[in-house]
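What follows is each chain in one-letter form.
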Amino acid sequence: MSVINYFVPLHPIMVLNYIWIGFFVVAFVIALVKLVVMGDFDVFPAMMDSTFSSSKTAFEISLGLTGVLSLWMGVMKVGEKGGVVNVLARLLSPVFCKLFPDIPKGHPVTGSIFMNIAANMLGLDNAATPLGLKAMEQMQELNKEKETASNPMIMFLVLNTSGLTLIPVSIMVYRAQMGAAQPTDIFIPILLATFFSTLAGVIITSLFQRINLLNRTMLLTLGGACLAVSGIIWGFSQLDGDSMNKVSTTVANILLMSIITGFIVAGVRKKVNVYEAFIEGAKDGFTTAVRIIPYLVAILVAIGVFRASGAMDMLIGGISNGVAALGVDAQWVDAMPTALMKPLSGSGARGMMVDAMTTYGADSFVGRLSCVFQGSTDTTFYILAVYFGSVGIKNTRHAVSCGLLADLAGIIAAIAICYMFFA
């Protein structure tokens, strides 16, 4: 336990560093074996070609993201200034009071928690992180053991790591850039998968902390949400594949257009200069697209070399054969690198998702599943490191276990839902 407790704050950076180095070292060793033992003279040229093509692809993707990302960041800024985050916070208030029983009623931290979760649900990462850090500072003031995570801290972290997001903007933007026929067709599958991840995280953490979920507020909230999700799944299960795709895409587009219009109306009601707010957010979108270029280049080149050496095929092939030997369909295995990378690194998982869409096609089962994996959970270790590290927490207690179990629930849900929608 002590190793985990002291290691977590450095974990995301160090692990991604080792993984990145590992891609190149493993690829080089396998390529060398192929050359010496099998006489494969094409493997090293293929690896070098992949470095150029992958870096070019990374730049082209980032460049193509600027327009759509600017659009959505502008829309989100309008919603933020229009008070949408505040409205969500008020709606979530009764539920969160039950999930954080150790926080005194009326304490200022309640507002920070509500605002953080609401901002996360809308995909407002730039607003969510400062609010989250503020919430951790306020919870640390209530914490009697300053180096040990309190129950409210852990519940708060699990709600963040489970990745509940209503609008997966960045994933839809990547799908559009990668040539998907309907970039929004993963909207409802992601919504369902992230719901199961969050639900599992809340239940598991509540069991650890002995929080009673069998009260009127929680039963109405969780029960109502489960009924709604069950209704959606049942309704779509009555449709054939083509109809399911059409209905899902249509509903997703209606919802997204309603959100855009609703945000604008909210801004008008608040007497916000909607145009200026949009421009302000759009500028952030442009800088975000430029900022991710080096990260995307780094991870896509490493994956490209790993794949060109044949190491990726060996890894996926081995897992696929093992799964197939059990009599289970194994096409989901090709998307697993995204799921395995997501708890460790958002940029690493994003690179895996882009690689899956590049290799198999944006509209392939693997391409879509990798997108749903990307949207169903969040970067567990990164969030734990940043939030716990900001207040000097060393003993994380059950935070890691609860976060990873929520991730596992999201992965399982994503596979099942994608087979329902896209197989």
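Conventions used here
Residues numbered from 1 in each chain as written. Predicted model: local features only at pLDDT ≥ 70, side-chain atom pairs only at ≥ 80, totals over all residues. Heavy atoms only, no water. 1 Å grid on protein atoms, 1.4 Å probe; cavity = no way out; pocket = protein on both sides within 12 Å on 5 of 7 lines; lining within 4 Å. Points joined across faces, edges and corners; volume = space filled by probe spheres on them. Helix = DSSP H or I, 4+ residues; strand = E, 2+ residues; numbered from the N terminus. Salt bridge = Lys/Arg side-chain N within 4 Å of Asp/Glu carboxyl O. Buried < 20%, exposed > 50% of the residue type's maximum accessible area, 1.4 Å probe, protein only. Expected span 1.5 Å × (residues − 1). Contact = heavy atoms within 4.5 Å.

### Some points on empty space enclosed by the protein
Logical step 1: Following the criterion strictly, the structure yields one cavity of 30 Å³ or more and no others.
Logical step 2: Within this model, the largest cavity holds a volume of roughly 60 Å³.
Logical step 3: For the largest cavity, the full set of lining residues is Arg 307, Met 312, Ile 316, Asp 334, Ala 335, Pro 337, Thr 338, Met 352, Asp 355, Ala 356 and Tyr 360.
Logical step 4: Within the residue set of the lining of the largest cavity, elements represented by two or more residues are helix 14 (311–325), helix 15 (336–341) and helix 16 (346–360).
Logical step 5: At four residues, helix 16 tops the list of elements feeding residues into the lining of the largest cavity.

### A short note on the pattern of salt bridges
Side chains that differ in charge, positive against negative, can pair when their charged atoms come close.
Logical step 1: Applying the stated rule across the entire model yields seven salt bridges.
Logical step 2: Asp 363 serves as the salt-bridge partner of Arg 175, at 3.0 Å between the closest nitrogen and oxygen. You can see Arg 175 sitting in helix 8 (residues 169–177) and its partner Asp 363 sitting in the loop between helix 16 and helix 17 (365–376), a full 188 residues away along the chain.
Logical step 3: Residue classification places Arg 175 among the buried residues on the basis of a relative accessible area of 0%.
Logical step 4: As a salt-bridge pair, Asp 363 and Arg 368 come within 4.0 Å of each other at their nearest N and O atoms.
Logical step 5: Since its relative accessible area comes to 11%, Arg 368 is described here as buried.
Logical step 6: Sharing partners across several salt bridges, the network here consists of Arg 175, Asp 185, Asp 363 and Arg 368.

### Observations concerning helix 9 (residues 187–209)
Logical step 1: Here helix 9 spans 33 Å end to end across 23 residues, near enough to the 33 Å set by a 1.5 Å rise per residue.
Logical step 2: Burial analysis of helix 9 places 18 of its 23 residues in the buried class, the great majority of the element.
Logical step 3: Arg 210 occupies a position one or two residues after helix 9 and carries a positive phi of about 55 degrees.

### A few points about the environment of Ala 277
Logical step 1: Along the chain, the position of Ala 277 falls in helix 12 (residues 274–291).
Logical step 2: C-alpha separation for the pair Ala 277 and Met 76, spaced 201 residues apart in sequence, amounts to 9.2 Å.
Logical step 3: Those residues in contact with Ala 277 that lie beyond four places of it in its chain are Gly 74, Lys 77, Val 78, Lys 81 and Val 272.

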